[in-house]
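# Residue-level structural notes
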Amino acid sequence: MLREGPLHAAVKALLAEPGDRLEVPVGRFVIDLVRADGELVEVQTGGFGPLGKKLDALLDAHRMRVVHPVAAERRIVRVDDLGQVLGARRSPKRATAADVFDKLVTFPSLVSHPNLTIEVLLLREDHIRRSQPSTTRRRTRDPGERRLVDVIDRIVLRSPRDFLAALPALPLEPFTTRELAALLGCGTPLAQRALYCLRMTGIVEAAGKRGRAPLHVRTLGDGAGSSDATGSRRPREDAADVLV
């Protein structure tokens, strides 16, 4: 708790309901929130990599929910050393549910695990920054702090079908990575990660090439089966197969 940021603490408080317990030891791990019905809830504001050991150890025996907040609307707020607001502006960046693929690429095959739920919180948040960025070893950085203002929407993802429903309708005809990026309104790197996850969960599959660009097509099935019976993490496929 001493290391958690304002956003993590605010989301955890928002999720807590009567009967829930916070910061509970489970095995050799500490869980952010344990529901009265036994569900284990982890709030993850950054990458999903640190969750790997927890999921491997606990997921087969416990229902687990990973809550990932993203900034659907963000205001950049500059403050001085005393915390007084110097100015504020709206950020042009707007995250969507598709941003979860940037983190889910760590273990996409677990999407099919019956005990796992991913919940994406679309937030309105303030990003608090200093009046001037700090410079360390010739690098200018200003990580700032994310602070919760409001929850715009909550998207619950329990199966590959849920992930498919959370995205814009995929084309019926084969499509390239660049075409998916245009559909999602994101950059090519995120579209590549999304395609990797969609392939690992069986939602799309390779469909040859158009010129030098690999093609992908939505499968006819429900996209349920790319993990084994326990949903264990699998080695990554060749990422080059989804590159433009």
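Below is a summary of the structure that appears in this document. Predicted model only: the values in this text are computed from it and were never measured. (Residues numbered from 1 in each chain as written. Predicted model: local features only at pLDDT ≥ 70, side-chain atom pairs only at ≥ 80, totals over all residues. Heavy atoms only, no water.)

### Overview of unusual backbone geometry
- Within the chain, E23 stands out as a residue other than glycine whose phi angle is a positive 50 degrees.
- Tracing the backbone shows E23 in strand β1 (residues 21–26).
- Judged by its relative accessible area of 22%, E23 falls in the partly exposed class. (Helix = DSSP H or I, 4+ residues; strand = E, 2+ residues; numbered from the N terminus. Buried < 20%, exposed > 50% of the residue type's maximum accessible area, 1.4 Å probe, protein only.)

### Description of the side chain of Q44
- By the secondary structure assignment, Q44 is in the loop between β3 (40–43) and α2 (52–58).
- The class of Q44 is buried, set by a relative accessible area of 12%.
- Beyond its immediate stretch of four places on either side in the chain, Q44 contacts P50, L51, V66, V67, H68 and P69. (Contact = heavy atoms within 4.5 Å.)

### Details of the pattern of salt bridges
- By the definition in use, this model includes 18 salt bridges.
- Among the salt bridges present, the one from D102 reaches K103, with a minimum N-O distance of 3.6 Å.
- Assessed through its relative accessible area of 22%, K103 is described here as partly exposed.
- Of the charged contacts, one joins R124 and D150 as a salt bridge, the two residues approaching to 3.1 Å between their closest N and O atoms. With a gap of 26 residues between them, R124 in strand β6 (residues 116–130) and D150 in strand β9 (residues 145–157) connect regions that are remote in the sequence.
- A relative accessible area of 27% places R124 in the partly exposed class.
- Among the ionic contacts, a cluster of salt bridges with common partners joins E39, R65, E119 and R154. (Salt bridge = Lys/Arg side-chain N within 4 Å of Asp/Glu carboxyl O.)

### Some thoughts on the packing of aromatic side chains
- Using the criterion set out here, one finds 2 aromatic pairs in the structure.
- Between the aromatic rings of F48 and F107, the centroid separation amounts to 5.8 Å while the plane-to-plane angle is 15 degrees, which identifies the pairing as stacked. Here F48 is found in the loop between β3 and α2, whereas its partner F107 is found in the loop between α3 (101–104) and β6, with 59 residues between them in sequence.
- Overall, the relative accessible area of 1% leaves F48 in the buried class.
- Classification of F107 by relative accessible area gives buried; the value is 2%.
- When the ring of F101 is compared with that of F163, the centres are 6.0 Å apart and the planes differ by 45 degrees; the resulting orientation is tilted. Placement of the pair is F101 in helix α3 and F163 in helix α4 (residues 160–166), with a sequence separation of 62 residues.
- Classification of F101 as buried rests on a relative accessible area of 2%. (Phe/Tyr/Trp six-rings, centres within 6.5 Å; stacked < 30°, edge-to-face > 60°.)

### Let's talk about the pairing of strand β4 (residues 64–79)
- Within β4, 12 of the 16 residues are buried, leaving the element largely enclosed by the surrounding structure.
- Pairing geometry for β3 and β4, over 4 bridges, is parallel. Bridging across to β4, V41 finds its partner in R65.
- Inspection of the sheet shows β4 paired to β6 by 15 bridges, in the parallel sense. From the neighbouring strand, M64 faces β6, where its bridge partner is L116.
- Two elements, β4 and strand β5 (residues 85–90), share 5 bridges in a ladder whose sense is antiparallel. Across the sheet, residue V77 finds its bridge partner in β5, namely A88. (Pairing = 2+ DSSP bridges.)

### Here we look at the nonpolar core
- Residues F48, F101, L104, I118, V120, F163 and L180 are the most contacted members of the largest nonpolar core, which totals 49 residues.
- When residues in this core are grouped by element, the largest group, 8 residues, is from helix α6 (residues 188–200).
- What L180 contacts, discounting residues up to four positions off in sequence, is L170, F175, A191, A194 and L195.
- Ranked by size, the runner-up nonpolar core spans 9 residues in total, among them L7, V11, V41 and L121. (Core = buried A, V, L, I, M, F, W, Y, C linked by side-chain atoms within 4.5 Å.)

### Some words on the packing of helix α5 (residues 177–184) against α6
- Contact geometry of α5 with α6 gives a least axis separation of 8 Å together with a crossing angle of 105 degrees. For the element pair α5 / α6, the angle class is roughly perpendicular. In this structure, α5 uses T177, R178, L180, A181 and L184 to contact α6, whose residues at the interface are T188, A191, Q192, A194 and L195.
- Per-class residue counts for the contact of α5 with α6 are 6 nonpolar, 3 polar and 1 charged. (Axes fitted to C-alpha atoms, helices over the stretch in contact; angles between N-to-C directions. Parallel < 35°, antiparallel > 145°, perpendicular 65-115°, else oblique. Nonpolar A, V, L, I, M, F, W, Y, C, P; charged D, E, K, R; others polar.)

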